[in-house]
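Structural characterization, general
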Amino acid sequence: MRVMLFVISVGVSLLTASATSGREPSCGRWLTVATYNVCNLFDTINDPEVQDLVLSPEEFREKVSALAGVVGGLAPDLLALCEVEKAEVVRELAATEPLDTLPYRVVHYDSPDRRGIDVALLYRADRLRLVASEPIRAPEGYPTRDVLRAEFELCGTSRRLAVYVLHLPSRRGGYARAAAMREMVAAQVAELAATEEPEVGVVVLGDLNDLPSSGLVRRTLAGESSGLRCLTVGPHRRGQGSYAWRDTWLMYDHILVNGAVDAIGDARIFRRPEMLTPEGRFRGYPDRRISDHLPVYVRIFY
């Protein structure tokens with residue numbers, strides 16, 4: 001009798017949870033989504049058209065191997081990458097152990113950035129099916145990296161996910177103009193996110209070169225009109241960050257979602273001892289031989 005009551009109780013609880021969430025448990029998927037500024041993932045060839053950094057073959061192999069170890073430890077289903085030179089370097093990353101055993105695919109477009117750096121996406125083709133993708137240029141022809149929009153279907157379902165990858169202009173080379181352009185690009189993405197169909201999940205992620213407490217994040221990207229909420233507010237308030245500067249952790253890498261996406265708590269920083277500088281003046285900072293940023297991730301149900 002007790003066993004029967006327990007089974008009935010569990011069944012009622014599951015039905016209640018399903019009714020509350022508005023979807024059957026089998027209709028969605030758990031996904032790990034992440035963003036990672038991989039800091040100058042350039043190849044070994046000098047491109048005279050851009051101000052690119054040229055790595056030696058040994059430097060390139062070591063960097064790609066170290067990055068693959070980080071990404072493999074995180075094991076994301078969807079990963080936004082900032083500061084990559086071209087699709088080939090991302091494909092090389094995906095083909096490096098331990099990622100080479102997983103069905104990662106690449107989405108990338110060349111942008112007009114003067115340093116030759118772009119954004120890209122790595123996604124697992126056994127979890128997500130790419131429906132469409134496009135680059136979105138910055139307003140007024142500003143020579144910065146494009147925003148990347150990609151639309152996916154979750155494998156085995158008809159649910160769609162729209163993903164926007166950003167790497168907003170940095171603060172160097174003219175603060176006022178860069179700040180104004182960051183605001184314009186953020187407003188552009190917020191407007192586009194708001195026009196997605198209500199049933200489409202939206203994820204906006206990348207390096208915003210600004211904090212969750214900034215007006216750019218609070219009022220522009222996560223304002224009422226966009227329908228987005230920022231998942232890095234909590235860790236920022238707790239003094240956590242993805243980038244270290246003058247002994248302060250700064251949350252520059254962000255993940256935002258709309259109301260169609262259920263996130264499991266706040267975004268988190270993926271941090272392991274081998275990713276940090278082991279000694280010297282910058283002990284405890286991200287190891288720049290790998291990247292000067294740490295990945296930020298969250299588990300979502302969609």
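Since the model is a prediction, treat every value here as computed from it, not as a measurement. (Residues numbered from 1 in each chain as written. Predicted model: local features only at pLDDT ≥ 70, side-chain atom pairs only at ≥ 80, totals over all residues. Heavy atoms only, no water.)

Observations concerning the pairing of strand β15 (residues 296-301)
The buried count for β15 comes to five of six residues, which makes it a mostly enclosed element. Pairing between strand β1 (residues 30-41) and β15: six bridges, direction antiparallel. Within β15, the position partnered with tryptophan 30 by the bridge is phenylalanine 301. In the sheet, strand β14 (residues 268-269) pairs with β15 via two bridges, with the strands oriented antiparallel. Residue pairing in the sheet places arginine 268 in a bridge with tyrosine 297 of β15. (Buried < 20%, exposed > 50% of the residue type's maximum accessible area, 1.4 Å probe, protein only. Helix = DSSP H or I, 4+ residues; strand = E, 2+ residues; numbered from the N terminus. Pairing = 2+ DSSP bridges.)

Looking at the pairing of strand β6 (residues 147-154)
Regular strands have side chains that alternate between both faces of the sheet. Buried residues dominate β6, accounting for seven of its eight residues. In terms of strand pairing, strand β5 (residues 128-136) meets β6 through eight bridges, oriented antiparallel. Considered in β6, the bridge of leucine 130 is made with phenylalanine 152.

As for the sheet that holds strand β9 (residues 228-230)
Backbone-to-backbone hydrogen bonds join strands into a sheet, with any given pair of strands oriented parallel or antiparallel. Read from one edge of the open sheet, six strands run β5-β6-β7-β8-β12-β9, paired in mixed fashion. Here the strands that pair on one side only, and so sit at the sheet edges, are β5 and β9. Taken over all neighbouring pairs, the strand axes of this sheet differ in orientation by 20° on average, direction set aside. Strand direction decides the pairing type here: strand β8 (residues 201-207) and strand β12 (residues 253-258), joined by five bridges, are antiparallel. In the strand pairing of β12, valine 203 is matched with valine 257. This element, helix α4 (residues 175-194), spans β5, β6, β7 (160-167), β8 and β9 of the sheet and lies at about 175° to β7. (Axes fitted to C-alpha atoms, helices over the stretch in contact; angles between N-to-C directions. Contact = heavy atoms within 4.5 Å.)

What about the environment of valine 296?
Looking at the secondary structure, you find valine 296 in strand β15. Given a relative accessible area of 0%, valine 296 falls into the buried group. Sequence-distant contacts of valine 296, that is, excluding residues within four places in its chain, are made with Val33, Ala34, Thr35, Thr232, Ser242, Met251, Asp253, Ile255, Ala267, Arg268 and Ile269.

Overview of the pattern of salt bridges
Opposite charge on two side chains allows them to pair when their charged atoms are near. The tally for this structure, following the rule as stated, stands at 16 salt bridges. For arginine 160, the salt bridge identified is with glutamate 151, shortest N-O distance 2.7 Å. Here arginine 160 falls in the partly exposed class, since its relative accessible area comes to 24%. A salt bridge links arginine 289 to aspartate 287, with the nearest nitrogen and oxygen atoms 2.8 Å apart. Overall, aspartate 287 belongs to the buried group, its relative accessible area being 7%. (Salt bridge = Lys/Arg side-chain N within 4 Å of Asp/Glu carboxyl O.)

Considerations on the nonpolar core
Core analysis: the biggest nonpolar cluster contains 63 residues, and Tyr36, Leu81 and Leu121 have the highest contact counts within it. Top element by residues in this core is helix α2 (residues 57-74). It accounts for seven residues. Aside from chain neighbours lying at most four places away, what touches leucine 81 is Tyr36, Val38, Val90, Leu93, Asp118, Val119, Ala120, Leu122 and Val165. One finds Tyr164, Ala193, Leu221 and Leu256 within the second-largest nonpolar core, a separate group that totals 25 residues. (Core = buried A, V, L, I, M, F, W, Y, C linked by side-chain atoms within 4.5 Å.)

With respect to the side chain of threonine 157
Assignment of secondary structure puts threonine 157 in the loop between β6 and β7. Residue class for threonine 157 comes out buried when judged on its relative accessible area of 17%.

Things to note about the packing of aromatic side chains
On inspection of all chains with the given rule, the structure shows five aromatic pairs. Ring centres of phenylalanine 270 and tyrosine 297 lie 6.3 Å apart, and the angle between their planes is 80°; on these two criteria the pair is classed as edge-to-face. Taken together, the residues phenylalanine 270 in the loop between β14 and β15 and tyrosine 297 in strand β15 connect sequence positions 27 residues apart. Both residues of the pair, phenylalanine 270 and tyrosine 297, belong to the buried class. A cation over a ring is seen here: arginine 159 above tyrosine 302, with NZ or CZ 4.4 Å from the ring centre. (Phe/Tyr/Trp six-rings, centres within 6.5 Å; stacked < 30°, edge-to-face > 60°. Lys NZ or Arg CZ within 6 Å of the ring centre and 35° of its normal.)

Concerning the confidence of the model for the protein chain
Mean pLDDT for the protein chain: 90, with 89% of residues reaching 70 or above. Note on residues 1-27: pLDDT is under 50 here. Beyond four places in sequence and across chains, it has 10 contacts. (pLDDT = per-residue confidence, 0-100.)

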